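Structural overview
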Amino acid sequence: MRLILLGPPGAGKGTQAKILVERLGVPQLSTGDMLRAAVANKTALGLAAKEIMDRGDLVSDEEVCGIVADRFDDKDCANGFILDGFPRTVGQAEALGVILADKGLALDAVVEIQADSSVLIERIVQRAKDTGGERADDTAETIAYRLDVYHQQTAPLVEYYTKAGLLRAVDGMESVETVAGAIEQALGG
Ligand code: AMP
């Protein structure tokens, strides 16, 4: 199964991706995790991306598409993958379409996890407390900015994938288990 999890920061994409990894036996591909690893390893990409990520902006389409395209060729992606946090712009979605088509592959579904901004800010502030402030971009100010970036640059993907006939929306305001059940149902049980 080749799946995209779409939704604003704090909607629960990472949490739901981990549940789907267990259920579907395919890996979670989180561009946020890949970029944070690049930052930690001080690679050229990491050094260039750090400041952009810390202020809550998006890393360039070209760089992000490059790291994802490489990952699709790994053995563990043979039966599919769950994309978490990618694509985040229409440009990335178009590039993804080309990358997959070149490999003779297609997406099965795009699950949009919907949640209100007020809850998202609360959840992320809580995540920052739980993880001891591990992420420089999990502050109340940066999260408000990241939500703006989501609405401006990523939300147009809802229409993009609706037109492609792939979008399934679920209510992300419920408990982790309820959302997981709704996703399972949206994917046809
Ligand atoms: P995330 O862990 O998905 O919230 O991503 C953390 C940060 O990494 C984002 O705020 C961006 O700066 C960067 N990032 C992650 N995924 C992407 C992407 N698909 N396109 C551009 N930037 C990204």
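So, a few notes on the structure that sits alongside this text. (Residues numbered from 1 in each chain as written. Predicted model: local features only at pLDDT ≥ 70, side-chain atom pairs only at ≥ 80, totals over all residues. Heavy atoms only, no water.)

The next thing to look at is the site of the ligand. Taken together, 16 residues lie near the ligand, and Thr31, Arg36, Asp57, Gly85 and Gln92 sit nearest. A distance of 3.2 Å is found between an oxygen atom of the ligand and a side-chain nitrogen or oxygen belonging to Arg135. Calculation on the ligand without its partners gives an accessible area of 480 Å², and the protein chains cover 96% of this total. A total of four residues in the shell around the ligand trace back to one element, the largest contributor, which is helix 2 (residues 31–40). A per-class count over the shell around the ligand returns six nonpolar, four polar and six charged. (Near = heavy atom within 4 Å. Polar contact = N/O pair within 3.5 Å; in protein donor to acceptor, adjacent residues only side chain to side chain. Areas by Shrake-Rupley, 256 points an atom, 1.4 Å probe, with all protein chains shown as cover. Helix = DSSP H or I, 4+ residues; strand = E, 2+ residues; numbered from the N terminus. Nonpolar A, V, L, I, M, F, W, Y, C, P; charged D, E, K, R; others polar.)

Attention now moves to the packing of helix 2 against helix 4 (residues 61–72). Between two packed helices, both the angle of their axes relative to each other and the distance between the axes serve to describe the pair. Viewed as axis vectors pointing N to C, helix 2 and helix 4 meet at an angle of 105 degrees, and their least axial separation amounts to 11 Å. In terms of orientation, helix 2 lies roughly perpendicular with respect to helix 4. Residues Thr31, Met34 and Leu35 of helix 2 lie in contact with helix 4, whose contacting residues are Val64, Ile67, Val68 and Arg71. Of the residues that constitute the contact of helix 2 with helix 4, the class distribution is five nonpolar, one polar and one charged. (Axes fitted to C-alpha atoms, helices over the stretch in contact; angles between N-to-C directions. Parallel < 35°, antiparallel > 145°, perpendicular 65-115°, else oblique. Contact = heavy atoms within 4.5 Å.)

Another aspect to go through is the packing of helix 5 (residues 90–102) against helix 8 (residues 156–163). The contact between helix 5 and helix 8 brings their axes to 9 Å, and the two run at 35 degrees. Between helix 5, through Val90, Ala93, Glu94 and Leu96, and helix 8, the contact on the second element is made entirely by Pro156, Leu157, Tyr160 and Tyr161. In terms of residue class, the contact of helix 5 with helix 8 is built from seven nonpolar, no polar and one charged.

Once that is clear, we can look at helix 4. Here helix 4 is twelve residues long and its end C-alpha atoms lie 17 Å apart, about the 16 Å a rise of 1.5 Å per residue gives. Residues of helix 4 that are buried include every one of Val64, Cys65, Ile67, Val68, Ala69 and Phe72, and no others. Packed against the buried residues of helix 4 are strand 2 (28–30), helix 2, helix 3 (44–55), strand 3 (81–84) and helix 5. (Expected span 1.5 Å × (residues − 1). Buried < 20%, exposed > 50% of the residue type's maximum accessible area, 1.4 Å probe, protein only.)

Here we come to the pattern of salt bridges. Scanning the model with the defined rule gives 14 salt bridges in all. Between Asp138 and Arg127 there is a salt bridge, and its shortest N-O distance comes to 2.9 Å. You can see Asp138 sitting in the loop between helix 6 (117–130) and helix 7 (140–154) and its partner Arg127 sitting in helix 6, a full eleven residues away along the chain. On the basis of relative accessibility, which here comes to 6%, the residue Asp138 falls in the buried class. Exposure remark for Arg127: the relative accessible area of 30% places this residue in the partly exposed category. Salt-bridge contacts for Arg146 lead to Asp137; the nearest nitrogen and oxygen are separated by 3.8 Å. (Salt bridge = Lys/Arg side-chain N within 4 Å of Asp/Glu carboxyl O.)

Below, the discussion takes up the nonpolar core. Counting residues in hydrophobic clusters, the biggest one holds 30 residues, and the most contacted among them are Phe72, Leu83, Leu96 and Tyr161. Where this core is concerned, the elements lending two or more residues are strand 1 (2–6), helix 2, helix 3, helix 4, strand 3, helix 5 and helix 8. The element that contributes the greatest number of residues to this core is helix 4, accounting for six residues. In this structure, Tyr161 is in contact with Ile4, Pro87, Ala93, Leu96, Leu107, Val110, Leu166 and Leu167, ignoring residues within four places of it in sequence. Leu3, Ala11, Ala109 and Val179 belong to the second largest nonpolar core, which has 19 residues in total. (Core = buried A, V, L, I, M, F, W, Y, C linked by side-chain atoms within 4.5 Å.)

Here we take up the environment of Asp116. When you line up the elements, Asp116 lands in the loop between strand 4 (109–114) and helix 6. Each C-alpha atom, one on Asp116 and one on Gly172, is 8.7 Å from the other, the two residues being 56 residues apart in sequence.

Let us look at the sheet that holds strand 5 (residues 167–171). If you walk across this open sheet you meet the five strands as 2-3-1-4-5, and the pairing is parallel. With one partner strand each, in any of the chains shown, strand 2 and strand 5 form the two edges of the open sheet. Ignoring which end each strand starts from, the neighbouring axes of this sheet average 25 degrees apart. Across the face of the sheet, helix 1 (residues 13–24) comes into contact with strand 1, strand 2, strand 3 and strand 4 while running at roughly 160 degrees to strand 1. (Pairing = 2+ DSSP bridges.)

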